[in-house]
Structures are given as C-alpha cells and as structure tokens.
Amino acid sequence: MSTGTGADSAPGHTSTPSTAAAAPAGKASMFSSLKIRNYRLFATGQVVSNTGTWMQRIAQDWLVLSLTGSASAVGITIALQFLPMLMFGLYGGVLADRLPKRPLLIVTQGAMGLTGIALAVLTLAGNVQVWHVYLAAFLLGLVTVVDNPARQTFVSEMVGKDQVANAVSLNSANFQSARLVGPAVAGVLITAVGSGWAFLLNGLSFAAPIAGLLLMRTGELHPVEVQPRAKGQLREGLRYVAGRPELIWPIVLVGFIGTFGFNFPIWLSAFVSDVFHGDAGTYGLFNTLIAAGSLAGALLAARRGHSRLRLLVAAAVLFAGLLIVTAFAPGFWLFAALLVPIGIFGLTVNVTANSSVQMATDPEMRGRVMALFMMVFTGGTPLGAPLLGWITDTYGARIGMAAGGAISLLASVAVAVVLARVGNLRLRVGRRGVSFVPSTRRELVTAA
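Computed from a predicted model, the values in this text were never measured in an experiment. (Residues numbered from 1 in each chain as written. Predicted model: local features only at pLDDT ≥ 70, side-chain atom pairs only at ≥ 80, totals over all residues. Heavy atoms only, no water.)

Here we look at the overall build of the chain
Condition: Helix and strand definitions follow DSSP, with helices as H or I runs of at least four residues and strands as E runs of at least two, each counted in order from the N terminus. Each residue gets one of three labels from its accessible area relative to the maximum for its type: buried under 20%, exposed over 50%, partly exposed in between, using a 1.4 Å probe on protein chains only. It only takes one pair of heavy atoms within 4.5 Å for two residues to be counted as in contact. All accessibility values rest on the Shrake-Rupley procedure with a 1.4 Å probe; residue burial counts only the protein chains present in the view.
Looking only at helices and strands, the chain features 17 helices and two strands. Residues counted as buried form 56% of the 448 residues belonging to the chain. In the chain, 82% of the contacts between residues at least 6 apart in sequence involve partners at least 24 apart. When the accessible area of the chain is evaluated, it comes to approximately 18,100 Å², of which 66% is carbon and sulfur surface.

Right under this line is the structure:
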C-alpha cells in the first residue's frame, strides 16, 4: 500500500504491491492472495467464525436492549468489550512480536469460542442477566488484545510482502461477507428460538479457523523473526510511530472515526426501537445493508491493490457527512438505503488506513504498530460508546447519530489540513473538483 507523493497524498513511504505472477504489471488482481494455500485455509476458517461473530453481536445487542430497554446499556456492553484494548492494547502488540503467530492464534481463537459457549449455556438455561453479558464482553475483549495484532500481522507471514495490501482487503471482504449472513441468520434465530442459539453457533464456529491453522503448511509461511524479550519495547514502538507522519496521522484519524463514528449498535438499535418501531429482524436488516456496502468497499479496495492518504481522508469526510445526512432521513427506506454508502466509505477508511500502516512499517515493529492502530481504532469505544449512548437516550437517535458524524467530520478535515501542510500541498478547486496539489509557495519565496 502506498502513501504516495505530490498531488496524491502527503509524502511518506511509497510502494506498489505486486499482484499475482500472472497479473500484468501495474494491474491488481482482486483475488490474487487466494492462490496461496495457507491463506485460503485462513480465509475459509475466518468466514465461518466471522459469521458466528456477527450472529453473536446482533444477539448480544438485542438481548441487552431487551433486558434493559436502554441504548446506554448497549453502549456499556460495547465499551466493556473494547476497554481491554484501550488498557492493554500495546502490551498485546509486544506479545505478538515476541511469540510465534500461528500457535498463538490457535490459543486465542479457542478462548474466544469458549466465551460464546459460556454465554449460550447461561441464556439457554434462562439464567442470563445483564452482568453476565457485560462479563462475557469484557473477557472477549481481553482475548482480542492479543488476537487482533497477531491475526493482523500473520497475514504477511501467509502471503508475503507483495500481497499484503490485497490480503488485507480480502480479509475485510471476508468479514463483511459474513456480516451479510450473520445478522440475517441472527434475526431469524432470535425471533424463532431466542438469542442463546446464536451464542452457541458462534462458539462452535471457532472450530473452523483452528482447523485451518492446524492444516497449514508451515514450510510455505514467510516467518518474521521473533523479537527477544527486552526492556523498553513498548516505548520503542511509540517512538517509532511518533517520528513518521505516514503512520501517526492515519492512526489519529481512525482513532476519531472509531471512537465517534462506528457506534452503529447504539444508533441502529435506537432507530429500530424508538423511531421505526421495528423488531430484531429490522435490526438485522439494517446491519445487513451496512455490510453490503462494506463488502463492496472491500472488493474495490482489493481491486485497487494500492492506497493513498488522499483516498483515506476523502473517504473519512464522505463517511462522516453521510452519518449526519442519514441521521435526519425522514423515512424508513431512505434511511435504509443510505446505510449502503455509509458501509462503503466506512470500510474504505478502515482498509486504506490498515494496509497503509502495515506496508509503511518495518516487519520487526509491525505487531506493536498494529496494536497501537487497533488500540486507537477500537480502544476509544469505551469513551465514545457510553457518551453517544447517553446522547442518544437523552436527545434521541437522530441527534446521537448526527453528533458522532459531526465529531468525525471535524477530525477528518483537521487531519486533511495537517497532511497537506506536512506534504507542502495546497487546495485547488477547479472544473475537475477539489484536490490537493504541490504548493509552489516555497519556490516563489526563494525566487523573491
């Protein structure tokens, strides 16, 4: 993934990942990473477990809403799930750099499956209480602290450096494909037999990625040298990121977007219950529509095979603006239709930032850098979710969603201005639209 130069982005690390061997030079192959056996096994296992994960997310949100009737309670659940990432995320990255990824992932995936099964037992027995859901969410978050950076960085070990950008995009497409199926299945299960069966199926679904990891040919991996235990590794990672604009500013941007812009469980559950007076099926439909847009965004990213900071900032501005517009959509079907482009631009922000940061990072630092990336992207949720949940409960679903969009929009514009200054760019408005172009101000000053 490239950060580009000149009119395309602020300056930084520039690289254009190669595609599959059969693909013409300069042209990306959308599914080139799937030609690699180990990655196919990984992707197959992930689509199964991701489907289960989305079933549990919908069931969890709806169960909490049913038990409490409060959007704030849904926000607390989300906050507890991501609180460990905020507290311990950087340490998870250090562990991911120190330990071999494949056996580490077998352990973490198994632990995540057990949390789903435990919640299923409580729910099916009729003994589930809100604090049980809170505890399960927190425990899942603890496991994710290590699983996320290990899984993110294991991609390069499966496919090699040239296919990282494509594989990251396909991972997102995989996740969003499951998001199309999971909410729909969860909506049917919740309506027909209750949330417990969705939790159980999620727990069992983790057998698929574990099997895929066990079946991999270790001789075909591209292992990164495991970093020995040493003092100051966490501080070393922070200094590394702080000194590189092509890393720090995408991370800052996704931090704001993740904290204030990705609170859909709060907003959608509130719109379903308070605005449109729907049921679990309606909630599943809304999530499926966002997933359809996200899947389209992921496939477009995989086809591009490269990325630029200009694309990241533009997608962030459009995503935030759409949140505000959608918040005040007057009718059900207009609101539903606008969820699709929200999914497209939201996923574009995520994939572009993720792959740009990975490709601009040295392999021995990648675990710590991606841990920081995930920490700010998801770790801000314990701050944003309760706040936006309170705003939603107090002022209504429309104001809550619009508030998240407004904060995200201000952050996107501010980062765009900073990147333009770092890259010595200026804004140009012309017949072809708005763009950043190299500034000639310094040259004129020198000439004068």
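Regarding the packing of helix H2 (residues 71-98) against helix H14 (residues 366-378)
Inclusion rule: Each axis is a line fitted through C-alpha atoms, taken for helices only over the stretch in contact, and angles between the N-to-C directions span 0 to 180 degrees. Should an angle fall under 35 degrees it is taken as roughly parallel, and over 145 as roughly antiparallel, whereas 65 to 115 is taken as roughly perpendicular and any remaining angle as oblique. Charged residues are taken to be Asp, Glu, Lys and Arg, nonpolar residues to be Ala, Val, Leu, Ile, Met, Phe, Trp, Tyr, Cys and Pro, and polar residues to be all remaining types, Gly included.
Two elements in contact, H2 and H14, have axes separated by 7 Å at closest approach and are oriented at 170 degrees. Of the possible angle classes, the one that applies to H2 and H14 is roughly antiparallel. Taken together, the residues of H14 that come into contact with H2 (itself represented by Phe82, Met85, Leu86, Gly89, Leu90, Gly93, Val94 and Asp97) are Arg366, Gly367, Arg368, Ala371, Leu372, Met374, Met375 and Thr378. Residues that form the contact of H2 with H14 fall into these classes: nine nonpolar, four polar and three charged.

Digging into the confidence of the model for the chain
Worth spelling out the cut-off: The predictor attaches a confidence to each residue, called pLDDT, with possible values from 0 through 100.
Scored by pLDDT, the chain has a mean of 79; 84% of the residues are at 70 or more. Here residues 1-27 is a poorly scored stretch, pLDDT under 50, and it has 73 contacts once near neighbours within four places are set aside; other chains count. A low-confidence stretch, residues 441-448 (pLDDT under 50), is modelled with one contact involving residues beyond four sequence positions or located in other chains.

Brief notes about the nonpolar core
Applied cut-off: Only buried Ala, Val, Leu, Ile, Met, Phe, Trp, Tyr and Cys residues count toward a nonpolar core, and they belong to the same one when joined by side-chain atoms within 4.5 Å.
Ranked by internal contacts, the top residues of the largest apolar core, which has 82 residues, are Phe264, Leu268, Phe286, Phe335, Ile342, Phe373 and Met401. Every residue in contact with phenylalanine 373, bar those within four places of it in the chain, is listed here: Ile251, Val254, Asn350, Ala353, Asn354 and Val357. Within the second largest apolar cluster, 21 residues are counted, among which are Tyr39, Ala96, Leu104 and Val145.

Notes on the side chain of asparagine 202
Within the secondary structure, asparagine 202 sits in helix H6 (residues 195-205). According to the relative accessible area criterion, asparagine 202 is buried, its value standing at 4%. Every residue in contact with asparagine 202, bar those within four places of it in the chain, is listed here: Ser49, Gly52, Thr53, Gln56 and Gly116.

Topic: the environment of isoleucine 391
With respect to the helices and strands, the residue isoleucine 391 is situated in helix H15 (residues 381-395). Isoleucine 391 sits 12 residues away from alanine 403 along the chain, and the two C-alpha atoms are 8.3 Å apart. Leaving out residues up to four positions away in the same chain, isoleucine 391 has contacts with Gly396, Ile399, Gly400 and Ala403.

Focus: the pattern of salt bridges
For the record, the criterion: Should a side-chain nitrogen of Lys or Arg be within 4 Å of a carboxyl oxygen of Asp or Glu, the pair is scored as a salt bridge.
Scanning all chains against the criterion turns up three salt bridges. In this structure, glutamate 157 engages lysine 101 in a salt bridge whose closest nitrogen and oxygen atoms are separated by 3.6 Å. You can see glutamate 157 sitting in helix H4 (residues 130-159) and its partner lysine 101 sitting in helix H3 (residues 101-124), a full 56 residues away along the chain. Comparing glutamate 157 with lysine 101 shows no difference in burial state: the two are buried. We note a salt bridge from glutamate 220 to arginine 217, for which the minimum N-O separation is 3.2 Å. By relative accessible area, arginine 217 is classed as partly exposed at 43%.

Some remarks on the packing of aromatic side chains
Our working rule: Stacked, tilted and edge-to-face are the three classes assigned to paired rings of Phe, Tyr and Trp, where Trp is represented by its six-membered ring and a pair needs centres within 6.5 Å; plane angles under 30 degrees give stacked, over 60 edge-to-face, the rest tilted.
This structure, assessed with the given rule, holds 17 aromatic pairs. Centroid distance phenylalanine 262 to phenylalanine 319: 5.1 Å. Interplanar angle 20 degrees. Geometry classified as stacked. Placement of the pair is phenylalanine 262 in the loop between helix H9 (245-261) and helix H10 (264-275) and phenylalanine 319 in helix H12 (residues 309-327), with a sequence separation of 57 residues. Ring centres of phenylalanine 264 and tryptophan 267 lie 5.8 Å apart, and the angle between their planes is 85 degrees; this geometry places the pair in the edge-to-face category. Highlighted residues: phenylalanine 264 and tryptophan 267, both in helix H10, separated by three residues, approximately one helical turn.

What to know about the packing of H9 against H15
Two measures define how a pair of helices packs: the angle their axes make with one another and the distance between the axes. Put simply, H9 and H15 touch, their axes get as near as 7 Å, and they point 35 degrees apart. Touching Gly258, Thr259 and Phe260 of H9 are Thr381, Gly384, Ala385, Leu387 and Leu388, all from H15. Taken together, the residues of the contact of H9 with H15 sort by class into four nonpolar, four polar and no charged.

Brief notes about unusual backbone geometry
It is generally the case that most residues other than glycine have a negative phi and that most peptide bonds are trans. At histidine 277, a position not held by glycine, the phi torsion is positive, near 55 degrees. For histidine 277, the position within the fold is in the loop between H10 and helix H11 (280-304).

Overview of the environment of phenylalanine 256
Within the secondary structure layout, phenylalanine 256 lies in helix H9. In this structure, the C-alpha to C-alpha distance between phenylalanine 256 and alanine 411, residues 155 residues apart in sequence, is 6.5 Å. Here phenylalanine 256 is in contact with Gly261, Ile407, Ser408 and Ala411, once residues within four sequence places are set aside.

Considering the environment of leucine 124
Of note, leucine 124 is situated in helix H3. In this structure the C-alpha to C-alpha distance between leucine 124 and serine 195, which are 71 residues apart in sequence, comes to 8.1 Å. Discounting residues that sit within four places of it in the chain, leucine 124 has contacts with Gly196 and Trp197.

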